[in-house]
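Each chain is listed here by its residues.
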Amino acid sequence: LSVLSGRIEVIEALQKELELEGHTSKILKTSHAFHSSMMDCVVEPLAEQLKRIKLHKPLTKIVSTVTGK
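Please set out the pattern of salt bridges residue by residue, giving values where relevant.
Close approach of charged atoms allows side chains of opposite charge to pair. If you walk through the whole model with that rule in mind, you get two salt bridges. In this structure, the salt-bridge partner of E9 is R7, at a minimum N-O distance of 2.8 Å. Across the pair E48 and K51 runs a salt bridge, and its minimum N-O distance is 3.2 Å. Note that E48 and K51 are positioned in helix α2 (residues 43-51) at a spacing of three residues, about one turn of the helix. On the basis of relative accessibility, which here comes to 38%, the residue E48 falls in the partly exposed class.

Criteria and cut-off values
- Residues numbered from 1 in each chain as written.
- Predicted model: local features only at pLDDT ≥ 70, side-chain atom pairs only at ≥ 80, totals over all residues.
- Heavy atoms only, no water.
- Salt bridge = Lys/Arg side-chain N within 4 Å of Asp/Glu carboxyl O.
- Helix = DSSP H or I, 4+ residues; strand = E, 2+ residues; numbered from the N terminus.
- Buried < 20%, exposed > 50% of the residue type's maximum accessible area, 1.4 Å probe, protein only.

And the structure:
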């Protein structure tokens, strides 16, 4: 399974190509492609906002999903 991101018209064109080749595909309904270059425009403003936040140790116990500790 793979997930692609991009402008909707490009994704729809690729979907048609894949279906012509016999592959099944589905457009995911989401507001943003959070793990893509489409989010590059928010990196700098987000970094500026994060500089204003004073970080501290967590106040709530965190359980690792990797180790269970």
